[in-house]
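One letter stands for each residue in the lines below.
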Amino acid sequence: MIQTLIIGLGLAGYYALVAVGFALIFATLRIFHVAHGTVFITAGYVFWYMHRIHGISLAISATAAIAAAAALGLAIDRFLYLPIMRRGGGMFSVFIASLGIVLVFDAIYLVLTSGVIAVARTTSMELWTVGGAAIRKFDLGIMGLVALTYFLLYLWLHRTRTGLEVRGLTDNEQLAAAVGMNVDQTRNAIFLVASAMAGLAGVLTAYDGGITSDSGNRTLFIAVVAVILGGVRNILLGSITGSLALGIITAYAGFFYPEWVTFCIFAIMIILILFRPKGLFG
Amino acid sequence: MTSANSQLRAEGLSMRFGGVRVFEDISFTVDLGGITACIGPNGAGKSTLVNVVCGVYIPVGGQTFLNGEMITGTSTVEIVRRGICRTFQDVRIFPTLTAIENVLAGIPRQRGEGVLSAFTNFGPSERSNRNAAMSLLDDLALSGVASRPAGELPFGQQKLIALARAAATGARFVLLDEPAAGVELSLLPNIAKLVRRLTRTEGRGVLLIEHNVDFVRELADQVFVLQGGGVLASGSVQQVLNDERVIKEYLGRVYDA
Amino acid sequence: MDHLFYIATLMSVWIIFSLGANLVIGYTGLMAMGQAAYLGVGAYTAAVLNIFFHVPFPIAALAAMAVSALVAVATLLPLQRLEGFYFALGTLGLNFLFFDLFHNLAPRVEGSEGLYGLELPAFATGARNLFLSVLAVTIVSALACWRLDASPYGRALRATRDRPDALRSIGKEPRMFQISVWAVGGALAGLAGALYGATLFYIDPTLFTLNTSIAILVFIGVGGLASLAGSVLGPVLLIGFTEGLRYVGLPSTLTGPLQSGLYGLLLIVLMLFRRQGLVGKHDFRE
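These numbers come from a predicted model, not from an experiment.

(A) Quick peek at the overall build of chain A. Within chain A, the secondary structure is distributed over 11 helices and two strands. N-terminal to C-terminal, the α/β element order of chain A is α-α-α-α-β-β-α-α-α-α-α-α-α. With respect to the three principal axes, the spread of C-alpha positions in chain A is 55 × 40 × 40 Å. Of the contacts made within chain A by residues no fewer than 6 positions apart, 78% connect residues no fewer than 24 positions apart. Within the structure as shown, chain A displays about 11,400 Å² of accessible surface, and the carbon and sulfur contribution to it stands at 67%.

Structural data, given as structure tokens:
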């Protein structure tokens, strides 16, 4: 049981890295960025391709993968979301276009990998046995990494000028709408930071269990439910608590009723939004 | 005199939002066939009064009676069904429907307006509804734009369409929230003509929320002045518009401006 | 020749599905993103009644319409509390819920993931006969939608889409129109689902996923919202294109991804350049 809990906490780490970026973009720009899952999976594939296929070192492959994710996230905003919003498209149009990105990339990855799972790791996982429970050191590493990332994010949001502007956007609907129309440093920074974190999660997932072309969607929707659960009033606290809950729920549900995991997640989502009919800010 | 059975009567209406008082102890009546006007400065709570009467807000005190029956606490849709319809200060027409479709949408209990009844022979009733809607548009000099999408028409015409749509509901009492505001002067006689048709010809009652004092003087039978959260004066148009306090407090400022 | 009939039948089925979705999304402005669930309910209802209870297929298809409409309304009622975008999100969740329901609870033929073995009546047996039967149903459905569009009911649907608050102010409850049109959309999805099973001769849960709901959005988005011609044009063009690729010998490992990639690209192009589609009378406003 402890084992399942630790697996859940490890999963929560991935979700938290994806969720916090999604929440950041949603809370500041009101963009429901489903293609965030595509950004996540792209980092995973870049990492897998460099490290596993070409044997490039772990550090270089991971850095390149995270940079690729950041660049992709920024490009999606600059060349898709912004033009749509400039032409009068609203939240729903941007969401539909975002789904379009997901479909296009899923198809590309499916063709390129022939649907085979891509595992970037070349060695086996080290286990730690504590009182009869086998715990993977990797899961503990993820937790440490997530804690460090959240700490840096906290510093960024609370100690830098850009971070201050980002937080200003979350409290102010009108300001958010105005910034939604302008390309500015803040908007770019939001997409870069959020996408880099999804990239880190993608690298870790590809290293750990491996990814397939539909991993992006799955992780993203779980992260979305985590965000809905935690709320976006406080981006950091909301996404970490939501992700912890979802990580533990999916780990245990996956252990006992693997065929009902998706059902559980989306039932939770629908019930949650029914209690917040006016959105995540209510 | 008209009896309480053919009246819209508000008694002691009070409204507050949170701790902020909008108005207190407002009473007025609208008789069938008559026009009661409500004037007052911006922010006096005139639109809120309409919203309270129409069931959008529930007043903190007081009641509204329609033909002697209390309607306070009833839903908006139900209030319209019982015979009180309103227009909005910021026109809310259906932009993709044509002008005449907007008016047609207002007609109650139409044949063919349900999934199943759409497959019955609604042709004859639709034709007579169309004639009725067209005659309303005619009165407003809008028959020329009847088949244009309402959203493409100028604001003033949209406002007239909303007026015709409210009239088309057949409601015995029509509450008009600043029908003349934002409308070109040349269109005002059309509004006046329609309001007279509703009251003098069809015997309905109109509550006219209005800013334009000349317009009120020309149309209304009774007036009450809403100011500072209460009724400053009420009575016949003659009385009220010549009342010294009203001239000093309200009309004076209007004329100065 | 049989293959051409098969493609034309598939187009007809998707036209029926599009007609219903367009009434809901295009005319009434409800952002429905879970229509695949109702398609699946219809397909499974008809297949189960026909295969296990030997109900004649036309009657099973009618039952599928009724069950889908009921399921549609039952799922709409709680979701009606949601506003705008969150409504879309809630309906999107339905795809995943119903996929797991089909996958875990729906009966399957031993040794397979899905159901097969439909017994079609004689007049609908064979590719040509099946096509003609489905085409007849499609024409009736299109005429019914045309009638709804031209009636006071269609006017009320468009008014609901434009300004629900204004509709309420003239004494008509927008929710009632939303519920009734959702039932019609569900019934047409159920009918399409039943016929889809008859066309493919095999159904399994993977036919009724988010991708299917997105496909219908692409069909009516490309064809045109709030337009009957749009509901016909979208499926004909897009199914014609992808089936054409298969016909000229593109391997089936590529047609699947190519189709969904193309749909994704079309969504992007639509949102960027032409939100009303080819012949639409309305666009994605939000």
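(B) Broad picture of the interface of chain C and chain B. If you look at the interface, chain C gives 28 residues, while chain B gives 35 residues. Of the roughly 2,500 Å² buried between chain C and chain B on both sides combined, carbon and sulfur atoms contribute 62%. Ranking the residues of chain C by area buried against chain B places Arg147, Arg155 and Ile170 of chain C at the top, with a combined share of 27%. Connecting chain C to chain B are four salt bridges. At the boundary of chain C and chain B, one finds 13 residue pairs in polar contact (both at pLDDT 80 or more). Counting residues per element, the ones that place at least two in the side of chain C that touches chain B are α5 (127-150), α6 (152-162), α7 (164-169) and α8 (174-200) of chain C. With eight residues, the single largest contributor to the side of chain C that touches chain B is α6 of chain C.

(C) Summary view of the packing of aromatic side chains. Enumeration according to the criterion identifies 30 aromatic pairs over all chains in this entry. Each ring, one from Tyr45 of chain A and one from Tyr109 of chain A, has its centre 4.6 Å from the other, and the planes form 35°; the classification is tilted. Placement of the pair is Tyr45 of chain A in helix α2 (residues 36-53) and Tyr109 of chain A in helix α4 (residues 91-113), with a sequence separation of 64 residues. Note on Tyr109 of chain A: relative accessible area 11%, which makes it buried. Pairing Tyr44 of chain C with Phe102 of chain C gives two aromatic rings, centres 5.1 Å apart and planes at 25°, and the pair type is stacked. Of this pair, Tyr44 of chain C sits in helix α2 (residues 35-53) while Phe102 of chain C sits in helix α4 (residues 84-105), and the two are 58 residues apart along the sequence. Each member of the pair, Tyr44 of chain C as well as Phe102 of chain C, is classed as buried. Pairwise contacts between aromatic rings join Phe22, Phe26, Phe32, Phe92 and Phe95 of chain A into one cluster. Over the ring of Phe88 of chain B we find Arg92 of chain B; its NZ or CZ atom is 3.9 Å from the centre of that ring. Positioned above the aromatic ring of Phe94 of chain B is the side chain of Arg165 of chain B, whose terminal nitrogen or guanidinium carbon lies 4.7 Å from the ring centre.

(D) Structural context of the interface of chain C and chain A. With 41 residues of chain C at the interface, the matching set in chain A holds 41 residues. Here chain C and chain A share zero salt bridges between them. Joining chain C to chain A, the criterion identifies five residue pairs in polar contact (both at pLDDT 80 or more). Here the residues of the side of chain C that touches chain A sort into 28 nonpolar, seven polar and six charged.

(E) Structural view of the pairing of strand β4 (residues 61-66) of chain B. Residues and elements named next belong to chain B. Note that strand β1 (residues 7-17) and β4 share five bridges and pair antiparallel. Bridge pairing links Arg9 to Phe65 in β4. With two bridges joining them, β4 and strand β5 (residues 69-70) adopt antiparallel strand pairing. The partner of Leu66 across the bridge, within β5, is Glu69.

(F) Focus on unusual backbone geometry. Positive phi outside glycine occurs at Ala141 of chain B, with the angle close to 60°. On the secondary structure map, Ala141 of chain B appears in the loop between α4 (123-139) and α5 (155-168). Looking at Ala141 of chain B, the relative accessible area reads 55%, which means it is exposed. Unusually for a residue other than glycine, Ala226 of chain C sits at a positive phi of about 55°. Along the chain, the position of Ala226 of chain C falls in the loop between α9 (210-223) and α10 (228-247). Owing to a relative accessible area of 3%, Ala226 of chain C belongs among the buried residues under this scheme.

(G) Summary view of the confidence of the model for chain A. Looking at chain A, the pLDDT average stands at 87 and 93% of residues meet or exceed 70. Looking at the elements of chain A, mean pLDDT is at its lowest for helix α7 (residues 173-181) of chain A, recorded as 60, and at its highest for α2 of chain A, recorded as 95.

(H) Expanded view of the sheet that holds strand β7 (residues 173-177) of chain B. All names here are of chain B. Spatially, the six strands line up as an open sheet ordered β6-β7-β8-β3-β9-β10, and their pairing is mixed. Two strands lie at the open edges of the sheet, namely β6 (84-86) and β10 (230-236), each paired on one side alone. Along the sheet, successive strands turn relative to each other by an average axial angle of 15°, direction set aside. Alignment of strand β9 (residues 222-227) against β10, held across six bridges, turns out to be antiparallel.

(I) View of the sheet that holds strand β2 (residues 20-31) of chain B. One open sheet accounts for four strands, arranged β2-β1-β4-β5 (chain B); its pairing is antiparallel. Each edge of the open sheet is held by one strand with a lone partner, namely β2 and β5 of chain B.

(J) How the structure looks around the pairing of strand β2 (residues 133-136) of chain A. Residues and elements named next belong to chain A. The alternating pattern of β2 places Ala133 and Ile135 on a buried face, while none of Ala134 and Arg136, on the opposite face, is buried. Looking at chain direction, strand β1 (residues 127-130) and β2 are connected through four bridges and run antiparallel. Residue Leu127 lies in a different strand from β2, and its bridge partner there is Arg136. The turn joining β1 and β2, which pair antiparallel and follow one another in sequence, is formed by two residues; a positive phi near 50° is taken by Gly131.

(K) Looking closely at a nonpolar patch on the surface. All names here are of chain A. Together, Leu145, Leu148, Phe151, Leu152, Tyr154 and Leu155 make up an exposed nonpolar region whose accessible area comes to about 520 Å². On the secondary structure map, Leu145 appears in helix α5 (residues 137-159). Of the residues examined, Leu145 reaches a relative accessible area of 33% and is grouped as partly exposed.

(L) How the structure looks around the packing of helix α3 (residues 99-106) of chain B against α5 of chain B. Residues and elements named next belong to chain B. Between α3 and α5, whose axes approach to 7 Å, the crossing angle comes to 30°. With respect to α5, the axis of α3 lies roughly parallel. In terms of crossing hand, the pair formed by α3 and α5 is right-handed. On the side of α3, the interface is formed by Ala99, Asn102, Val103 and Gly106, while α5 contributes Ile161, Ala164, Arg165 and Ala168. Of the residues in the contact of α3 with α5, the class split is five nonpolar, two polar and one charged.

(M) Here's a closer look at the arrangement of the chains. Contacts are most numerous between chains A and C, considering all two pairs of chains that are in contact. Between chain A and chain B there is no contact; the minimum C-alpha to C-alpha separation amounts to 17 Å.

(N) Looking closely at the environment of Asn211 of chain C. All names here are of chain C. Considering the arrangement of structural elements, one finds Asn211 in helix α9. Accessibility expressed as a relative area gives 45% for Asn211, which makes it partly exposed. For the pair Asn211 and Cys145, spaced 66 residues apart in sequence, the C-alpha to C-alpha distance is 25 Å.

Basis of the calculations
- Residues numbered from 1 in each chain as written.
- Chains lettered and ligands numbered in written order.
- Predicted model: local features only at pLDDT ≥ 70, side-chain atom pairs only at ≥ 80, totals over all residues.
- Heavy atoms only, no water.
- Helix = DSSP H or I, 4+ residues; strand = E, 2+ residues; numbered from the N terminus.
- Contact = heavy atoms within 4.5 Å.
- Areas by Shrake-Rupley, 256 points an atom, 1.4 Å probe, with all protein chains shown as cover.
- Buried area = accessible area lost by both parts, 1.4 Å probe.
- Salt bridge = Lys/Arg side-chain N within 4 Å of Asp/Glu carboxyl O.
- Polar contact = N/O pair within 3.5 Å; in protein donor to acceptor, adjacent residues only side chain to side chain.
- Phe/Tyr/Trp six-rings, centres within 6.5 Å; stacked < 30°, edge-to-face > 60°.
- Buried < 20%, exposed > 50% of the residue type's maximum accessible area, 1.4 Å probe, protein only.
- Lys NZ or Arg CZ within 6 Å of the ring centre and 35° of its normal.
- Nonpolar A, V, L, I, M, F, W, Y, C, P; charged D, E, K, R; others polar.
- Pairing = 2+ DSSP bridges.
- pLDDT = per-residue confidence, 0-100.
- Axes fitted to C-alpha atoms, helices over the stretch in contact; angles between N-to-C directions.
- Patch = residues over 30% accessible without salt bridge, like charges linked within 9 Å, V, L, I, M, F, W, Y side chains within 5 Å.
- Parallel < 35°, antiparallel > 145°, perpendicular 65-115°, else oblique.
- Left-handed = near helix turned anticlockwise from the far one by under 90°.

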